[in-house]
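Coordinates in review
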Amino acid sequence: EKNHSAVVSHRAILEERNEALWNELLAQCKEADVVTGKITRRVSYGLFVEIHGVEGLVHQSDVSWRRNVSLRERFPIGAEVQVKILKMDRENNRLSLGIKQLTEDPWEWAGRELKVGDVVDGTIMNVTGYGAFFEIREGLEGLIHVSDLTWSGRRENPAQLVEQGQKKQARILTLDLEKKRISLGLKQLEEDPFEVVARELKVGSTGEGVVTSITKFGAFVRIRDGVDGLIRYSDYSHDEPADKKMLSKDQQVTFKVLEVDRKRRKITCGLKQLTAGPYEVLRKKYKKGDV
């Protein structure tokens, strides 16, 4: 009074209002209730949602079963959203909320509904150098390794085979619920082309193909997409040594099947075996004692 001054508090009024709001909230809601709230703020670690005047936090980890979700795209400020009350800490004025808790844990669903060998629908979520991540349902992802994308047998770039956002079907190869890992395959939806070729081409039969590459030991011939046969230099011709430049890349050739090794997935072919060798010609023409 002497200096005609006073100390005032806005915080005291807010605390009184907050007390009233919390009393109203506790009177109408309890933990585990599902309620509708209004999104008031987006922060780096989650969303703030107002329920009966009290702001609660939906932590980033409680937004979705999926690891990375764009809050900006899915949760506009002012929008209404259903949430589950996880914890009501009146003493510390903390209201913890969850959105993903409104749906079943996808791994629990997987344990009940999925098994090895199943064909599932999904979406390619991410493509890396070693394969593609395939989402079966939100929060449930598996890996399609690059070796399970195609039967080609070549070292393929996954980005050239699949792309992010593609809807696909895949077959479940392994399912580890304890470690939360699923491996899937695209090529397993089709019959192994090697087995098809092995049935069609028997040892001694002839076939046609295109030379795909020349190596230090021979030429590889594409018999069918995903199946190559090897023609060694020694099987080029009856000449010794054979002309290594006899075949070139992209050349169409006819060959004879010399060996089909299912275990090692290898087919050996030859060109010289299509014609009789010089010694065989001589044996037919002459006999011992002829001059």
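Remember, it's a predicted structure, so these values are computed and weren't measured experimentally. (Residues numbered from 1 in each chain as written. Predicted model: local features only at pLDDT ≥ 70, side-chain atom pairs only at ≥ 80, totals over all residues. Heavy atoms only, no water.)

We now examine the sheet that holds strand E14 (residues 252–261). Strands in a sheet are paired, the pairing made by backbone hydrogen bonds, and the direction either parallel or antiparallel. Strands sit in the order E11-E12-E13-E15-E14 around a closed barrel of five strands; the barrel is mixed. Each strand axis lies, on average, 50° off the axis of its neighbour in the sheet, ignoring direction. In the packing of helix H4 (residues 193–200) onto the sheet, the strands contacted are strand E12 (218–224), strand E13 (227–232), E14 and strand E15 (266–270), and the crossing angle to E12 comes to about 95°. (Pairing = 2+ DSSP bridges. Helix = DSSP H or I, 4+ residues; strand = E, 2+ residues; numbered from the N terminus. Axes fitted to C-alpha atoms, helices over the stretch in contact; angles between N-to-C directions. Contact = heavy atoms within 4.5 Å.)

To continue, consider the pattern of salt bridges. Going through the model one piece at a time under the given rule, you end up with 17 salt bridges. Glu138 serves as the salt-bridge partner of Arg74, at 3.5 Å between the closest nitrogen and oxygen. Taken together, the residues span a long stretch of sequence, with Arg74 in helix H2 (residues 71–74) and Glu138 in the loop between strand E7 (131–137) and strand E8 (140–145) at a distance of 64 residues. On the basis of relative accessibility, which here comes to 40%, the residue Arg74 falls in the partly exposed class. When the shortest N-O distance is used, the salt bridge between Arg112 and Glu104 registers 2.7 Å. Several salt bridges share partner residues, and in doing so they unite Arg66, Arg74, Glu135 and Glu138 into one network. (Salt bridge = Lys/Arg side-chain N within 4 Å of Asp/Glu carboxyl O. Buried < 20%, exposed > 50% of the residue type's maximum accessible area, 1.4 Å probe, protein only.)

Bringing the side chain of Asp89 into the picture now. With respect to the element layout, Asp89 can be found in strand E4 (residues 80–89). For the buried Asp89, no salt bridge is present, and the opposite-charge side chain at shortest range is Lys87, 5.1 Å distant. Polar side-chain contacts of Asp89 include one of 3.4 Å to the backbone nitrogen of Glu91. Within the structure, Asp89 has its side chain in polar contact with the side chain of Asn92 (distance 2.8 Å). Sequence-distant contacts of Asp89, that is, excluding residues within four places in its chain, are made with Trp22 and Arg94. (Lys, Arg positive; Asp, Glu negative; His and termini not counted. Polar contact = N/O pair within 3.5 Å; in protein donor to acceptor, adjacent residues only side chain to side chain.)

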